[in-house]
Amino acid sequence: MDLTGNASLARETLRTMWTIRRFEEAVDDLFARGLMHGTMHLSIGQEAVPAGACLALADGDYITSTHRGHGHCIAKGARLDAMMAELLAKETGYCRGRGGSMHIADVATGNLGANGIVAGGVPIASGAGLAVKLRGGQQVVLSFFGDGAVNEGAWHEGVNLAAIWDLPVVFVCENNHYGMSMSAKRAAKVDRLGDRAAAYGIPGVTVDGNDPQEVFDAVSAAVARARAGDGPSLVEAMTYRWKGHSKSDKNLYRTREEIESWRERDPIVRFERAAITAGALSEEDAAECRDEARDRVRAAIRTANAAPDASAASLTDAVYAGSQS
Amino acid sequence: MTTTESRTLTYAEAVREALSQAMEADERVFLLGEDVGTYGGAFGVTGDLVHRFGEERVRDTPISELGIVGAAVGAALAGMRPIVEIQFSDFTAQAMDQIVNQAAKIHFMLGGAATVPMVLRAPGGSGTGAAAQHSQSLEAWFAHVPGLKVVMPATAADAKGLLLAAIDDPNPVIVLEHKLLYKQSGVVPQSPARVRLGETAVRRDGTDLTIVATGVMVSRALEAAEQLAATGIEAAVLDPRTLRPLDSKTIVDSVTATGRALLVQEAPKTGGFMAEVSAAIVESPAFGHLTAPVTRLCGLDVPIPYAPQLEKAAVPQTEDIVKAATGLVNQW
Ligand SMILES: Cc1ncc(C[n+]2csc(CCOP(=O)(O)OP(=O)(O)O)c2C)c(N)n1
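So, how was this worked out
Residues numbered from 1 in each chain as written. Chains lettered and ligands numbered in written order. Predicted model: local features only at pLDDT ≥ 70, side-chain atom pairs only at ≥ 80, totals over all residues. Heavy atoms only, no water. UniProt positions renumbered as here; feature names shortened; annotations may be inferred. Helix = DSSP H or I, 4+ residues; strand = E, 2+ residues; numbered from the N terminus. Rg over C-alpha atoms; globule rule 2.2 N^0.38 Å. Buried < 20%, exposed > 50% of the residue type's maximum accessible area, 1.4 Å probe, protein only. Contact = heavy atoms within 4.5 Å. Areas by Shrake-Rupley, 256 points an atom, 1.4 Å probe, with all protein chains shown as cover. Lys, Arg positive; Asp, Glu negative; His and termini not counted. Charge placed at Lys NZ, Arg CZ, Asp CG, Glu CD. Core = buried A, V, L, I, M, F, W, Y, C linked by side-chain atoms within 4.5 Å. 1 Å grid on protein atoms, 1.4 Å probe; cavity = no way out; pocket = protein on both sides within 12 Å on 5 of 7 lines; lining within 4 Å. Points joined across faces, edges and corners; volume = space filled by probe spheres on them. Near = heavy atom within 4 Å. Polar contact = N/O pair within 3.5 Å; in protein donor to acceptor, adjacent residues only side chain to side chain. Nonpolar A, V, L, I, M, F, W, Y, C, P; charged D, E, K, R; others polar. Phe/Tyr/Trp six-rings, centres within 6.5 Å; stacked < 30°, edge-to-face > 60°. Buried area = accessible area lost by both parts, 1.4 Å probe. Salt bridge = Lys/Arg side-chain N within 4 Å of Asp/Glu carboxyl O. Pairing = 2+ DSSP bridges. Axes fitted to C-alpha atoms, helices over the stretch in contact; angles between N-to-C directions.

- Within an unreviewed UniProt entry, the label attached to chain B reads Pyruvate dehydrogenase E1 component beta subunit, and the organism entered is Prauserella marina.
- Word for word, the UniProt comment on chain B under Cofactor (unreviewed entry) is "thiamine diphosphate".

- If you check an unreviewed UniProt entry, chain A appears there as Pyruvate dehydrogenase E1 component alpha subunit from Prauserella marina.
- UniProt's Cofactor (unreviewed entry) comment on chain A is quoted here verbatim: "thiamine diphosphate".

Written as structure tokens, this is what we have:
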């Protein structure tokens, strides 16, 4: 499918990417003004990966996400107000204030959860894939993780299980070139992390992660393979995070020029231009997508702000299931 | 300049000073961990050490905790003195086989033929809004394992002195730093003075009850003791500093004198370290001097939540200590 040339797909892709961008800009701002606490990992610059990848999924498909998961959550269809409420420590948040940014899950849309543990979601995705297979279901599980995650034991074990059991899982590596300050180049001897797939006997590809079309195409092929019962695949999407790893990052490990060169490859601006050039969108359509994203995020903040704070009175409730006091 | 001079350093600076003095003194000492190099450590603890000692000795690693700890075990066996930084103590879970089944047991299993002189530093504790996977107090996990030593420095001076002692120690030592303490300042000796492992510190004398606290709870207990003093209750505040080996004698002596013990920890109550301290008291002659039940004030038995108001409710605060101590003294 052609995202750039098709009016409705182009609009959807653009809307998703702008929503992620505006949501995270708002979060960044709330944080800077001391209105949001905790820590925050922004994916600004990487929007094409969740947008392209989730577009390749169907309703009912699952994802597992990471500490940098706002984009995954939004692209999979989460409610902005419940996300914002969670970050603002409200009772109406996805986790009633218990989880925060790093632990948001939206089971209703198939998001099995963000994860504060690098590679923590990878074996979980394989487990979900196993459940689908045992139930004889048609769903696919897509697991997002960073380039840093591929060196964790959990990653290798999770990928291997999916491979030997032909599980319907798509492993999507968002290679933003750094695991905190560790460059992917220094952390692995292979040039392409997609090559790691070979060690597990599954297909692996490396695509431009700043192009939603390339991500969509690669993930679509992997999803089709998974649905056909042929097992998992690895998709490496090359992208970049513009901001620091988290709020405390001094950016000492990369240069201004490097960051600038990637900002010039802004996935949203590129896609917008391409869609306009292809005639799928007008300038006005593009502006509308942008404004709509801004308005939705503003509304989410308003709704969240009006909600009651999470209450400590029920703090011990959900420690064990079935024992609500 | 005399080497006994002291100045004020933050807890993080004190750790860094211990690391740099140990590296200067002994070629075998080196650091490894995620982002300990140019980044300077997730909490800024290693700071500029990479510029002073180079990338070989201040070694950035991929994100692979089990590999990192395993590499340290191997390096220690082969004669080096590795110091591992695990970014958050929670991630020791990834490395548990290397810590528990390898590092802790090798000396024993080999009949004493080899030692594993390594240090594993990791920040623990809540209070930063990092939620359940980044805020735990896991000291009881490690204190339970024969072969490991476990320290929890509560002051800047101890952060330096205990770490230096840990580096000297021929055993694997787990140093649990508290992330809320990193920015707190204290007087720290310039000299590489060791704080011996296995000595409980008496932070404050008192006659009415003994408060035993660890980690960030030590400063909260001291604040509470000040408030209690204003109401006429004199609390002794003791900080075990080393959980294993535990100096229970100092604790027992204090409780023998005061007759009351309030044990404060941030970690959840069930199976927590203060259960061990409690047992040490009631198994001792102090039992006969107790005028009140030994009482624990602990974190709730919940994972640490994200929302600030919930996070605060999940672990003891100064006012909780005041309340518990007042109740203990007035009721008994
Ligand atoms: C097991 C574990 N180790 C370390 C960390 C600390 N940490 C959080 S994110 C991160 C970098 C992850 O890099 P990558 O997987 O490439 O994802 P990115 O942040 O680039 O999106 C690190 C080291 C963690 N959360 N979990």
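## Details of the overall build of chain A
Here is step 1 of the chain: Helices and strands together make up the secondary structure of chain A, namely eleven helices and seven strands.
Here is step 2 of the chain: For 325 residues, the compact-globule formula gives about 20 Å, and the C-alpha radius of gyration of chain A, at 19 Å, lands near that figure.
Here is step 3 of the chain: In terms of overall dimensions, chain A has C-alpha extents of about 55 × 50 × 40 Å along its principal axes.
Here is step 4 of the chain: Within chain A, the fraction of its 325 residues that count as buried is 58%.
Here is step 5 of the chain: When contacts within chain A are restricted to residue pairs at least 6 apart in sequence, long-range pairs at least 24 apart make up 73% of them.
Here is step 6 of the chain: Accessible surface, chain A as shown: approximately 12,900 Å² in total, 51% of it carbon and sulfur.
Here is step 7 of the chain: Side chains of chain A carry 35 positive and 42 negative charges; the gap between the two charge centres is 4 Å.

## Describing unusual backbone geometry
Here is step 1 of the chain: Cis rather than trans, the peptide bond between Arg 244 of chain B and Pro 245 of chain B has omega equal to 0 degrees.
Here is step 2 of the chain: Relative to the assigned elements, Pro 245 of chain B resides in the loop between strand 12 (242-244) and helix 9 (248-258).
Here is step 3 of the chain: The phi angle at Arg 96 of chain A is positive, at roughly 50 degrees, despite the residue not being glycine.
Here is step 4 of the chain: Tracing the sequence through the fold places Arg 96 of chain A in the loop between helix 4 (80-87) and helix 5 (121-135).

## Describing the side chain of Arg 21 of chain A
Here is step 1 of the chain: Residue placement: Arg 21 of chain A occurs in helix 1 (residues 7-32).
Here is step 2 of the chain: When residues no more than four places from it in sequence are discounted, the contact partners of Arg 21 of chain A are Ile 44, Gly 45, Glu 47, Trp 242, Asp 266, Pro 267 and Ile 268 of chain A.

## Focus on the nonpolar core
Here is step 1 of the chain: With 102 residues, the main nonpolar core has Phe 23, Met 36 and Met 84 of chain A together with Leu 209, Ile 211 and Leu 262 of chain B as its most contacted residues.
Here is step 2 of the chain: If we skip the residues at most four places from it in the chain, Met 36 of chain A touches Val 27, Leu 30, Phe 31, Met 84, Leu 87 and Leu 88 of chain A together with Tyr 306 of chain B.
Here is step 3 of the chain: The next biggest cluster of nonpolar side chains, apart from the first, holds 48 residues, and it includes Val 73, Ala 95, Met 118 and Leu 138 of chain B.

## A few points about empty space enclosed by the protein
All names here are of chain B.
Here is step 1 of the chain: Applying the stated criterion across every chain yields a total of four cavities of 30 Å³ or more.
Here is step 2 of the chain: Taken as a whole, the largest cavity holds about 110 Å³ of empty space.
Here is step 3 of the chain: Lining the largest cavity are 17 residues, with Gly 125, Ser 137, Glu 139, Met 152 and His 178 sitting closest to its centre.
Here is step 4 of the chain: Counting residues per element, the ones that place at least two in the lining of the largest cavity are strand 7 (173-178), helix 8 (216-230) and strand 13 (261-268).

## Concerning the site of the ligand
Here is step 1 of the chain: If you check the shell around the ligand, you find 22 residues, and the closest are His 67, Arg 68, Gly 116 and Gly 148 of chain A together with Glu 65 of chain B.
Here is step 2 of the chain: Residues near the ligand are shared among chains A and B, making this a multi-chain site.
Here is step 3 of the chain: Between the ligand and the protein, one listed contact pairs an oxygen atom with a side-chain N or O atom of His 67 of chain A at 2.7 Å.
Here is step 4 of the chain: Between an oxygen atom of the ligand and a main-chain N or O atom of Gly 148 of chain A, the distance comes to 2.7 Å.
Here is step 5 of the chain: Broken down by class, the residue content of the shell around the ligand amounts to seven nonpolar, ten polar and five charged.

## Things to note about the packing of aromatic side chains
All names here are of chain B.
Here is step 1 of the chain: Considering all chains together, one arrives at twelve aromatic pairs over all chains under this definition.
Here is step 2 of the chain: For the ring pair Tyr 11 and Tyr 182, a centre distance of 5.7 Å and an interplane angle of 65 degrees mean the geometry is edge-to-face. Here Tyr 11 is found in helix 1 (residues 11-25), whereas its partner Tyr 182 is found in the loop between strand 7 and strand 8 (185-189), with 171 residues between them in sequence.
Here is step 3 of the chain: Tyr 182 sits in the buried class, given a relative accessible area of 4%.
Here is step 4 of the chain: With 5.4 Å between their ring centres and 35 degrees between their planes, Phe 43 and Tyr 182 make a pair best called tilted. Of this pair, Phe 43 sits in the loop between strand 2 (29-33) and helix 2 (49-57) while Tyr 182 sits in the loop between strand 7 and strand 8, placing them 139 residues apart in sequence.

## Describing the interface of chain B and chain A
Here is step 1 of the chain: Opposite the 34 residues of chain B that make contact, chain A presents 38 residues.
Here is step 2 of the chain: Interface area for chain B against chain A, summed over the two sides, is near 2,900 Å², with a carbon-plus-sulfur share of 62%.
Here is step 3 of the chain: Where chain B packs against chain A, one counts one salt bridge.
Here is step 4 of the chain: If one sorts the elements of the side of chain B that touches chain A by residue count, helix 11 (residues 308-314) of chain B sits on top with six residues.

## Looking at the sheet that holds strand 13 of chain B
Two modes of strand pairing occur in sheets, parallel and antiparallel, and in both the strands are linked by backbone hydrogen bonds.
All names here are of chain B.
Here is step 1 of the chain: Spatially, the five strands line up as an open sheet ordered 9-11-10-13-14, and their pairing is mixed. The strands lining the two open edges of the sheet, one partner per strand, are strand 9 (201-204) and strand 14 (295-299). Adjacent strand axes in the sheet meet at a mean angle of 25 degrees, parallel and antiparallel pairs treated alike.
Here is step 2 of the chain: Contacts from helix 9 reach strand 9, strand 10 (209-213), strand 11 (235-239) and strand 13 within the one sheet, and its direction differs from that of strand 10 by about 150 degrees.
Here is step 3 of the chain: Where helix 12 (residues 318-331) meets the sheet, its contacts fall on strand 10, strand 13 and strand 14, and the angle it forms with strand 13 comes to roughly 150 degrees.

## Overview of the pattern of salt bridges
Here is step 1 of the chain: Counted by the stated rule, this structure contains 36 salt bridges over all chains.
Here is step 2 of the chain: The salt bridge involving Arg 21 of chain A is made with Glu 47 of chain A; its shortest N-O contact spans 2.5 Å. Placement of Arg 21 of chain A in helix 1 and of Glu 47 of chain A in the loop between helix 1 and helix 2 (48-55) is noted, with a sequence separation of 26 residues between them. Taken individually, Arg 21 of chain A and Glu 47 of chain A each receive the classification buried, so the pair is uniform in this respect.
Here is step 3 of the chain: As a salt-bridge pair, Arg 7 of chain B and Glu 17 of chain B come within 2.8 Å of each other at their nearest N and O atoms. Here the residue Arg 7 of chain B occupies a position in strand 1 (residues 6-10), and Glu 17 of chain B occupies one in helix 1, the gap between them amounting to ten residues.
Here is step 4 of the chain: For Arg 7 of chain B, a relative accessible area of 22% gives the class partly exposed.
Here is step 5 of the chain: If you follow the salt bridges from partner to partner, you end up with Asp 158, Arg 203, Asp 239 and Arg 241 of chain B in one network.

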